[in-house]
Amino acid sequence: MAKRRAAFYLMTIPALLLFFAFHTFPALQGIYYAFTNWDGYSDSFDYVGFKNFINIFKDENVLNSYLFTFKYAIATTVLINIISLLIALGLNAKIKAKNFFRGVYFLPNILSVLIVGFIFNYLFSNVFPVWGEKLGSDFLSQNILGNSDWAWIGIVIVAVWQGIAYNTILYLAGLQTIPHDLYEASNLDGASRWREFWSITFPLLASFFTINMVLAMKGGLMVFDQIIALTGGGPGRSTQSIALLIYTGGFQGGEFAYQSANAVIYFIVIVVISALQLKFLQKREMDL
Amino acid sequence: MIKKTTNWPVTVIIALCSLLILFPLYMTIAIALKNPEEMARSIFSLPTGLHFENFANAIKATNFFNALGNSATITVTAVVFILLTNSMVAYAIARNMNKRFFKTLYFYFISAMFIPFQIIMLPVVKVTTDLHMNNIPGLIILYIVYGLAFNVFVYVGYIRSIPYELEEAATVDGASTWGTFWRIIFPLLAPVNATIGILSCLSTWNDFMLPLILLGNQDSYTLPLVQYVFQGQFSTDFNLAFASYLLALSPMLIIYLFAQKWIIGGLTQGSIK
């Protein structure tokens, strides 16, 4: 028996130590640095209390990055979920070449976000404007990424293009768990397609809806690769996400401690949002 | 009655929408095969000459095979170790959930799912540099360790649904805990292993941020990182750039082409509940 117990401890303790060393310890260190004025490379630094935190709330760059990130995360979450649910419904219907289309719609998920971003960067600057000109629209014939008011829409388009793949697969899996006889029963009762969706399909997909909303929102709040590939945070600072600000300020701007404080706030924001989402969404889940 | 005939309107809509997915990929292939003169004539047309020299130049410019080797080494090693170690940790936790130590460990690991990488990003560079781990082996270790949060969650859920009697029988027959895990549990984990394997493979292969902040030596750059560096140097030659993108995307595209059914099946099977 003791031998059994020893084996179980041996299975977990190396992982525990490594996890502590490379995840928890850096996280604690990050919190510690948030209370100092370290720039990331000097030999010495001082403890400054809550000064960094106070300054963050007064920093316009930080405020802007939060506004952009929230705007972006909410837009992508809503669009990704609506579109992927529609596609999943389509792929679940009696269509031709079902497996082929499933393969096509999942394809973007296997591609590198960065490279997809580079490809779209070119499309936005050289391809879409050609169509815009043909339509005779001044607005559509410009590079949307070069416009500080509209660049964020371009990033949303790319994120949605790629993001719907995974959510579609999850919704499709969800649709396949719904028993067929429910639809047969509703057909006998003469329910319309619309009614069927809202009374059967949508409620029974609730747990998948929760997972997809939380995943998409978390992904949106952490956006980094797309921005690097599409705008680099510009024009100006209009598409600077929180993750990008922490990266550039922390590694290149000599703001190691300051951005650590920003990261701590960011962490709290993500935890609160995820918890609220779970609480709110799980309330409307129901079992068969 | 449920209709058994093909739903043509939906088929047409699905087919039209799929063009939105395929168009950027068509453009990538077409631009990679053209030269600047052809591009000037029409961006959309099919390439006429098939300029494979774009690929040869891209391979040279980005040291493609070196980056491919690095990406492959990192992904294969990390995924193998993730499957072997993360499942083992989850097994010990799942079978000891009544003990405080393991239960705490479970919540400790999965709580990390909510910690954004940015909060550890700055210090982890310092820690890994101090330990001389800012290289490929260090990167692999980080992928294995960071996988724990999500993977333990998925594995534990699955292992708890495996009847305990199987293991009791093995114990009666004299199998050790290790023997039970490797010979009975691990093979039973096949569907989850497929899911975790595919997901870790995709995320490791395509990861950009960790290599960006961790890898100092240019010889150890991965495929996405090379594209990033390349971008700055050759931003005017689009044909060369797109040939390079296509090369970087092709290994996964080829694997997906052959294993598509299996990949999608693996993801849907294990990822639900």
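Keep in mind that what you see is a predicted model, and the values were worked out from it rather than measured.

## What about the interface of chain A and chain B?
Often the size quoted for an interface is simply the accessible area lost on bringing the parts together.
Piece 1. Contacts between the two partners involve 88 residues from chain A, matched on the other side by 95 residues from chain B.
Piece 2. Summing the contributions of chain A and of chain B, the shared interface buries around 8400 Å²; its carbon and sulfur component is 80%.
Piece 3. One can count zero salt bridges joining chain A with chain B.
Piece 4. At the surface where chain A touches chain B, the tally comes to 13 residue pairs in polar contact (both at pLDDT 80 or more).
Piece 5. In terms of residue count, helix α1 (residues 2–33) of chain A provides more of the side of chain A that touches chain B than any other element does, 23 residues in total.
Piece 6. Grouping the amino acids of the side of chain A that touches chain B by side-chain chemistry returns 63 nonpolar, 18 polar and seven charged.

## Some thoughts on the UniProt feature "transmembrane region" (unreviewed entry) in chain A
Residues and elements named next belong to chain A.
Piece 1. Residues given the UniProt feature "transmembrane region" (unreviewed entry) here are residues 7–35, 72–91, 103–124, 150–175, 196–215 and 263–281.
Piece 2. For residues 7–35, the end-to-end C-alpha separation is 41 Å, with 93% helix and 0% strand making up the annotated structure.
Piece 3. Within residues 150–175, the helical portion is 96% and the strand portion 0%, while the C-alpha atoms at the span's ends are 36 Å from each other.

## Describing the UniProt feature "transmembrane region" (unreviewed entry) in chain B
Piece 1. UniProt records the feature "transmembrane region" (unreviewed entry) for residues 12–33, 72–93, 105–124, 136–159, 180–205 and 238–259 of chain B in the present numbering.
Piece 2. The annotated region residues 180–205 of chain B carries 96% helix and 0% strand content, and the separation between its end C-alpha atoms amounts to 32 Å.

## A closer look at the UniProt feature "domain: ABC transmembrane type-1" (unreviewed entry) in chain A
Piece 1. According to UniProt, the positions carrying the feature "domain: ABC transmembrane type-1" (unreviewed entry) are residues 66–277 of chain A.
Piece 2. Across residues 66–277 of chain A one finds 75% helix and 0% strand; the C-alpha atoms that close the span lie 18 Å apart.

## Description of the environment of Val223 of chain A
All names here are of chain A.
Piece 1. With respect to the helices and strands, Val223 occurs in the loop between α9 (206–221) and α10 (225–230).
Piece 2. Overall, Val223 belongs to the buried group, its relative accessible area being 2%.
Piece 3. Linking Val223 and Val156, residues 67 residues apart in sequence, is a C-alpha distance of 10 Å.
Piece 4. Sequence-distant contacts of Val223, defined by excluding residues within four places in its chain, comprise Tyr72, Ser241 and Ala243.

Calculation criteria
Residues numbered from 1 in each chain as written. Chains lettered and ligands numbered in written order. Predicted model: local features only at pLDDT ≥ 70, side-chain atom pairs only at ≥ 80, totals over all residues. Heavy atoms only, no water. Contact = heavy atoms within 4.5 Å. Buried area = accessible area lost by both parts, 1.4 Å probe. Salt bridge = Lys/Arg side-chain N within 4 Å of Asp/Glu carboxyl O. Polar contact = N/O pair within 3.5 Å; in protein donor to acceptor, adjacent residues only side chain to side chain. Helix = DSSP H or I, 4+ residues; strand = E, 2+ residues; numbered from the N terminus. Nonpolar A, V, L, I, M, F, W, Y, C, P; charged D, E, K, R; others polar. UniProt positions renumbered as here; feature names shortened; annotations may be inferred. Buried < 20%, exposed > 50% of the residue type's maximum accessible area, 1.4 Å probe, protein only.

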